Amino acid sequence: MASSAAVDVAGAGRQQALDGSNPAVARLRELIGGHESTAGWSRCWEEGVTPWDLGQPTPAVVELVQSGTLPAAGDATTVLVPGCGAGYDVVALSGHGRFVVGLDVCEAAIHKAKQLSAAAAGGDVGSNFFAFVAADFFTWEPPEPFHLIFDYTFFCALHPSMRAAWARRMADLLRLDGELITLMYLAEGQEAGPPFNTTVLDYEEVLNPLGFVITWIEDNEVAVEPRKGMEKIARWKRMAKSDY
Ligand SMILES: C[S@@+](CC[C@H](N)C(=O)[O-])C[C@H]1O[C@@H](n2cnc3c(N)ncnc32)[C@H](O)[C@@H]1O
C-alpha cells in the first residue's frame, strides 16, 4: 500500500495532474476511501496530500474579477465558495462590494486558509471582506442565502451519488435572483475518484430540474498547464418556478 512516506505526495503550490497516475492523487483516493468521507478529507489536509492546491488564486477567478462582470451591488453582495480549501479564491473574489464566505468541512483547511489570508494581509487576522467557516456544505445553515456561489473542484471531488444533493444545496443556498458560477474540471477516463469523471451534462442533469440554466459557457483558456483543455466555465441563473 502506498504511504505518504513512500511516495511524493506534496500538496500545495505545485501544478499537478489530477489523475490516478499522480501518486498524490492515488494517495488522496486511498484516504478518501471511495466515497465522501469527512474523515478522509481531514486526513488529506493533515498529511498535506492536497494535489489540487495551486498555492495561488485560480487564474480564471482573477480574470472574472478583472472582467467587472461579477455582481457587486454596493456593499451588499454575498458570495459563497464551498469546499474552499486553502481559500485563495475566497480572498481573490472579495472586496469591490463583495463579502465572501469560504466554507470547508475540514478544520485543518480552514486553519490554513485563515493563516494564509492573514499573512497576505500582513498579519492582520481580521478582514471586512471575507470569512472562513468550518462546516459541512450539506448541513450548514447560513443566516441568508447568497447572491453568488462559485464552485471549483468541489463538484468533481464529491462522489457522483452526491451530485443531486449538491444541486439541491446550491438551490437552497442561492437567492432566487442569484448566480452560480461553476469552473468545471472535466475529468475523464478515471476508474476512481476524486476527482470523479465529470461532464457538462452531469451538471445539467442535476441543475436543470431545479430551474438552473446556463447563460454563458466557455473553455477555460487560462487553466493551469496540467488542466489545459479539461476545463469549462459556466454561469447559471435560476428561472422563476413557473418557467420550468
Ligand atoms: C478538491 S478540494 C478543492 C479545494 C479548492 N476549491 C481548490 O480548488 O483549491 C475539495 C475541498 O472540499 C472540501 N470538502 C469535501 N467535502 C466537503 C463538504 N461536505 N463540505 C464542505 N467542504 C467539503 C475538502 O476538505 C477539500 O478542501
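What counts and how
- Residues numbered from 1 in each chain as written.
- Predicted model: local features only at pLDDT ≥ 70, side-chain atom pairs only at ≥ 80, totals over all residues.
- Buried ≥ 20, exposed ≤ 12 C-beta atoms within 10 Å, placed from the backbone.
- Helix = DSSP H or I, 4+ residues; strand = E, 2+ residues; numbered from the N terminus.
- Arc of directions from axis to C-beta.
- Contact = placed C-beta atoms within 7 Å.
- Axes fitted to C-alpha atoms, helices over the stretch in contact; angles between N-to-C directions.
- Parallel < 35°, antiparallel > 145°, perpendicular 65-115°, else oblique.
- Nonpolar A, V, L, I, M, F, W, Y, C, P; charged D, E, K, R; others polar.
- Right-handed = clockwise from strand over helix to strand, strands pointing away.
- Pairing = 2+ DSSP bridges.
- Near = placed C-beta within 6 Å.
- Core = buried A, V, L, I, M, F, W, Y, C linked by C-beta atoms within 7 Å.
- pLDDT = per-residue confidence, 0-100.

1. As for helix α6 (residues 163-173)
Link 1 in the chain: Among all positions of α6, only Trp166, Ala167, Met170 and Leu173 are buried. All buried residues of α6 lie within an arc of 135° about the axis, which places them on one face of the element.
Link 2 in the chain: Buried residues belonging to α6 abut β1 (77-82), β4 (146-152), β5 (174-185) and α7 (200-207).

2. Some thoughts on the packing of helix α1 (residues 23-32) against helix α2 (residues 38-47)
Link 1 in the chain: Across the interface, α1 lies against α2 with an axial gap of 7 Å and an inter-helix angle of 140°. Judged by the inter-axis angle, α1 sits oblique to α2. Across the interface between the two elements, Leu28, Leu31 and Ile32 of α1 pack against Gly40, Trp41, Arg43 and Cys44 of α2.
Link 2 in the chain: Grouping the constituent residues of the contact of α1 with α2 by class yields 5 nonpolar, 1 polar and 1 charged.

3. Details of the environment of Asp219
Link 1 in the chain: Mapped onto the fold, Asp219 is located in strand β6 (residues 212-219).
Link 2 in the chain: Taking C-alpha positions, Asp219 is 9.6 Å from Leu183, a pair spaced 36 residues apart along the chain.

4. Thoughts on the pairing of β5
Link 1 in the chain: With respect to burial, β5 is a largely interior element, 9 of its 12 residues being buried.
Link 2 in the chain: After leaving β4, the chain enters α6 and then returns to the sheet as β5, a path that is right-handed.
Link 3 in the chain: Bridge analysis of β5 against strand β7 (residues 231-238) gives 7 bridges, and the strand direction is antiparallel. Bridging from a neighbouring strand, Tyr185 pairs with Glu231 of β7.

5. A closer look at the site of the ligand
Link 1 in the chain: Residues in close proximity to the ligand total 19 residues, the closest being Trp41, Gly83, Gly85, Val105 and Phe137.
Link 2 in the chain: A breakdown of the residues in the shell around the ligand according to their chemical character gives 13 nonpolar, 3 polar and 3 charged.

6. Let's talk about the nonpolar core
General note: in soluble globular proteins, nonpolar side chains tend to be found buried as a group.
Link 1 in the chain: Judged by nonpolar contacts, the single largest core of 65 residues is most densely connected at Val79, Leu80, Val81, Val90, Leu93, Ile149 and Phe150.
Link 2 in the chain: Every residue in contact with Val90, bar those within four places of it in the chain, is listed here: Val81, Cys84, Val100, Gly102, Ala113 and Phe130.

7. Concerning the confidence of the model for the protein
Link 1 in the chain: The predicted model of the protein has a mean per-residue pLDDT of 90, with 88% of residues at 70 or higher.
Link 2 in the chain: Ignoring residues within four places in sequence, the model shows residues 1-7, a span with pLDDT below 50, making 11 contacts including any to other chains.

8. Notes on the sheet that holds β7
Link 1 in the chain: Ordered by their spatial adjacency, 7 strands build an open sheet running β3-β2-β1-β4-β5-β7-β6, and the pairing between neighbours is mixed. Each edge of the open sheet is held by one strand with a lone partner, namely β3 (130-134) and β6. Strand-to-strand twist of the sheet, defined as the mean angle between neighbouring strand axes without regard to direction, takes the value 20°.
Link 2 in the chain: Relative to strand β2 (residues 98-104), β1 is paired through 6 bridges, and the arrangement is parallel. If you follow Leu80 over to β2, its bridge partner there is Val101.
Link 3 in the chain: Across the face of the sheet, helix α5 (residues 107-120) comes into contact with β2 and β3 while running at roughly 160° to β3.

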